[in-house]
Amino acid sequence: MENIAVFASGSGTNAENIMKYFSCHAAVRVAVVLSNKPDAGVHLRAKHFAVPSFTFTNAAFGEASPILRKLAEYHTDFIVLAGFLLKIPVEIIHAYTGKIINIHPALLPRFGGKGMYGDHVHRAVVAAKETQTGITIHYVNEEYDEGAVIFQQTCPVFPSDTAGDVAAKVHELEYKYYPGVIEKLLIG
């Protein structure tokens, strides 16, 4: 059994989609959810799937060793970022080299980097008058949104689209593709 740890900072809709996808899977399971926010909606979503969830302070994430202990406790094989807003410490990246992925709500390298998440990205895409956007699933390294690209999928951006319209299209792509890409990485 491959054990996934999901890191999330917000409401947890992507995390929920991943937990649902793997809830009855024979070879992969979400073993634990970690968040840096005690009031994040992801905790309720994890509870619904009987997945343990824990909150750590930003300082604990920065220190890394408490996180590494929790990951070891749940025999974590793979880390999935699902709306997690903190930079992953180098100690965790080295402990899980090639085993940490993130999903970004744009076509990297465009609209990536520090501060480019969620609606910030969608507003930037609309302001730049892009004709397409999409998702990028990539490995996590020491820099924001610069790890090797694993998968990209596009959707159109029309001149009349608002940031909210773009967000809806991108979320649909995230829900459709992220769990399957995780599965393929873990079991082929």
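Computed from a prediction, not measured in an experiment: that's the story for all the values here. What you see as residue numbers is a count from 1 along each chain, following the sequence as written. pLDDT decides what is reported in this predicted model: residues at 70 or higher carry local features, side-chain atom pairs at 80 or more are listed and counted, and totals for whole chains, interfaces and linings draw on all residues regardless. To obtain the side-chain values, all non-hydrogen atoms of the structure were used and water was disregarded.

### Let's talk about the overall build of the chain
Move 1: Every helix listed is a DSSP run of H or I at least four residues long, and every strand listed is a run of E at least two residues long, numbered separately from the N terminus. Scanning the chain for helices and strands turns up seven helices and seven strands.
Move 2: The linear arrangement of helices and strands in the chain, starting from the amino end, is β-α-β-α-β-α-α-β-α-β-α-β-β-α.
Move 3: Here the chain has a C-alpha radius of gyration of 16 Å; the compact-globule value for 188 residues is 16 Å, and the two agree.
Move 4: Over its C-alpha atoms, taken along the principal directions, the chain stretches across nearly 50 × 35 × 30 Å.
Move 5: Taken across its 188 residues, the chain has 46% of its residues classed as buried.
Move 6: Any two residues whose heavy atoms approach within 4.5 Å are treated as being in contact. A sequence separation of at least 24 residues applies to 66% of the contacts in the chain between residues at least 6 apart.
Move 7: Roughly 9100 Å² of accessible area belongs to the chain as shown, and the carbon and sulfur atoms make up 55% of that amount. In this setup the radius of gyration rests on C-alpha atoms only. A globule is expected at 2.2 Å times the number of residues raised to 0.38. Burial classes: relative accessible area under 20% of the type maximum marks a residue as buried, over 50% as exposed, and values in between as partly exposed (1.4 Å probe, protein chains only). Surface accessibility follows the Shrake-Rupley procedure with a 1.4 Å probe radius. Residue values consider only the protein chains on display as shielding.

### Regarding the packing of aromatic side chains
Move 1: Ring pairs shown here join Phe, Tyr and Trp side chains whose ring centres sit within 6.5 Å, with only the six-membered ring taken for Trp; geometry is labelled stacked below 30 degrees between planes, edge-to-face above 60, and tilted in between. In the structure shown here, the tally under the stated rule is seven aromatic pairs.
Move 2: Note on F7 and F84: the rings are 5.3 Å apart at their centroids and 65° apart in plane angle, and the pair reads as edge-to-face. Within this pair, whereas F7 is found in strand β1 (residues 2-7), its partner F84 is found in the loop between β4 (78-81) and α5 (90-95), the two being separated by 77 residues in sequence. Accessibility assignment for this pair places F7 and F84 in one class, buried.
Move 3: When the ring of F61 is compared with that of F84, the centres are 5.0 Å apart and the planes differ by 50°; the resulting orientation is tilted.

### Thoughts on unusual backbone geometry
Move 1: Of the consecutive residues L108 and P109, the connecting peptide bond is found in the cis state with omega at 15°.
Move 2: Among the structural elements, P109 can be located in the loop between β5 (100-104) and α6 (118-127).
Move 3: Non-glycine residue A50 carries a positive phi angle of around 60°.
Move 4: If you trace the backbone, A50 turns up in the loop between α2 (42-48) and β3 (53-55).
Move 5: Owing to a relative accessible area of 66%, A50 belongs among the exposed residues under this scheme.

### Describing helix α1 (residues 13-22)
Move 1: Listed in full, the buried residues belonging to α1 are N14, A15, I18, M19 and F22. For α1, the angular spread of the buried residues around the axis is 135°, confining them to a single face.
Move 2: Tucked into the core, α1 has its buried residues touching β1, β2 (28-35), α2, β4, β5 and α7 (163-187). Arc definition: directions from the helix axis to the C-beta atoms.

### Some thoughts on the nonpolar core
Move 1: We call a set of buried Ala, Val, Leu, Ile, Met, Phe, Trp, Tyr and Cys residues a nonpolar core when their side-chain atoms join them within 4.5 Å. Counting 34 residues, the largest nonpolar core has I4, V6, I18, V33, V80, Y178 and I182 as the members making the most contacts within it.
Move 2: The greatest single-element share of this core, amounting to seven residues, is contributed by α7.
Move 3: With sequence-adjacent residues up to four places away left out, I182 is seen in contact with I4, I18, F22, F78, V80 and I101.
Move 4: In this structure, V32, L34, F61 and I93 belong to the second largest nonpolar core, which totals 21 residues.

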